Amino acid sequence: MDLIHIRDLRLWAHVGVLDHERRDGQWFQLDISLGLDLSESARSDDLRATADYSLAVLALQELARDLCCLTIERFSEEIFEVLERLYGPLPMHLVLQKCQPPIAGFTGAVALERRRNWSAEQGH
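Definitions and cut-offs
- Residues numbered from 1 in each chain as written.
- Predicted model: local features only at pLDDT ≥ 70, side-chain atom pairs only at ≥ 80, totals over all residues.
- Heavy atoms only, no water.
- Core = buried A, V, L, I, M, F, W, Y, C linked by side-chain atoms within 4.5 Å.
- Buried < 20%, exposed > 50% of the residue type's maximum accessible area, 1.4 Å probe, protein only.
- Helix = DSSP H or I, 4+ residues; strand = E, 2+ residues; numbered from the N terminus.
- Contact = heavy atoms within 4.5 Å.
- Polar contact = N/O pair within 3.5 Å; in protein donor to acceptor, adjacent residues only side chain to side chain.
- Phe/Tyr/Trp six-rings, centres within 6.5 Å; stacked < 30°, edge-to-face > 60°.
- Axes fitted to C-alpha atoms, helices over the stretch in contact; angles between N-to-C directions.
- Parallel < 35°, antiparallel > 145°, perpendicular 65-115°, else oblique.
- Left-handed = near helix turned anticlockwise from the far one by under 90°.
- Nonpolar A, V, L, I, M, F, W, Y, C, P; charged D, E, K, R; others polar.
- Expected span 1.5 Å × (residues − 1).
- Arc of directions from axis to C-beta.

Caption draft 1: Main features of the nonpolar core. Core analysis: the biggest nonpolar cluster contains 31 residues, and Leu30, Leu34, Leu60, Phe75, Ile79, Leu83 and Leu96 have the highest contact counts within it. Secondary-structure elements contributing two or more residues to this core are strand S1 (2-15), strand S2 (26-36), helix H3 (53-66), helix H4 (72-87) and strand S4 (92-98). Top contributing element to this core by residue count: H4, with 7 residues. Apart from residues lying up to four places away in sequence, Leu30 is in contact with Ile6, Arg7, Asp8, Leu9, Leu11, Leu60, Ile79, Leu94, Val95 and Leu96.

Right under this line is the structure:
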């Protein structure tokens, strides 16, 4: 299995438990890995034989604009659903980071990591 990675995709989304997070929005950062066989597209140089990552970027930007929910878990599920609509049930891995969570005295980030259709032998 080969991997296509999309790294450091910044998305402005209305996600959070606090009212102002959903009202005003905030930055999230997303890393995605898509598992597929790239040998045909490597031989043929045919975009139809691969996963056009530009479609994912545009669709996820649209999702972030339209979404309003409480948890990054729900946000991550919506991301998986968008990717599956585009590419089918590929092995997928994501890390979704809330860049500046509104926690008093905390200056770090919070992230979750999820996999779908990803077996243990596929690793990361």
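Caption draft 2: Here's a closer look at the environment of Asn117. Inspection of the secondary structure puts Asn117 in the segment after strand S5 (110-116). Taking the C-alpha atoms as reference points, Asn117 and Met92, separated by 25 residues in sequence, lie 6.4 Å from one another. Among the polar contacts made by the side chain of Asn117, one reaches the side chain of Glu84 at a distance of 3.1 Å. A polar contact of 3.1 Å, which involves the side chain of Asn117, links it to the backbone oxygen of Leu90.

Caption draft 3: Spotlight on the packing of aromatic side chains. A complete count under the given rule lists 2 aromatic pairs for this structure. Look at Trp12 and Trp27: their rings are 5.2 Å apart centre to centre, the planes differ by 80°, and that puts the pair in the edge-to-face class. Linking Trp12 in strand S1 with Trp27 in strand S2, this pair joins segments that are 15 residues apart in sequence. Here the aromatic rings of Phe28 and Phe75 are separated by 5.3 Å at their centres, their planes lie at 90°, and the arrangement is edge-to-face. Taken together, the residues Phe28 in strand S2 and Phe75 in helix H4 connect sequence positions 47 residues apart. Take Phe28 and Phe75: they sit in the same class, and that class is buried.

Caption draft 4: Expanded view of the packing of H3 against H4. Between H3 and H4, the shortest axis-to-axis distance is 10 Å and the interhelical angle comes to 140°. Viewed along their axes, H3 and H4 adopt a mutual orientation that is oblique. For H3 against H4, the interelement crossing comes out right-handed. Within the contact between the two elements, H3 uses Tyr53, Leu55, Ala56, Ala59, Leu60, Leu63 and Ala64 and H4 uses Phe75, Glu78, Ile79, Val82, Leu83, Leu86 and Tyr87. Residues of the contact of H3 with H4, tallied by class, amount to 13 nonpolar, no polar and 1 charged.

Caption draft 5: View of H3. Taking 1.5 Å of rise per residue, the 14 residues of H3 would be expected to cover 20 Å, and the 20 Å separating its terminal C-alpha atoms lies within 8% of that figure. Where H3 is concerned, the buried positions are Ala56, Leu60, Leu63 and Ala64. Seen along its axis, H3 keeps its buried residues to an arc of 95°; they face one direction. The exposed residues of H3 that point more than 90 degrees off its buried face are Leu58, Arg65 and Asp66. Tucked inside the fold, the buried residues of H3 contact S1, S2 and H4.

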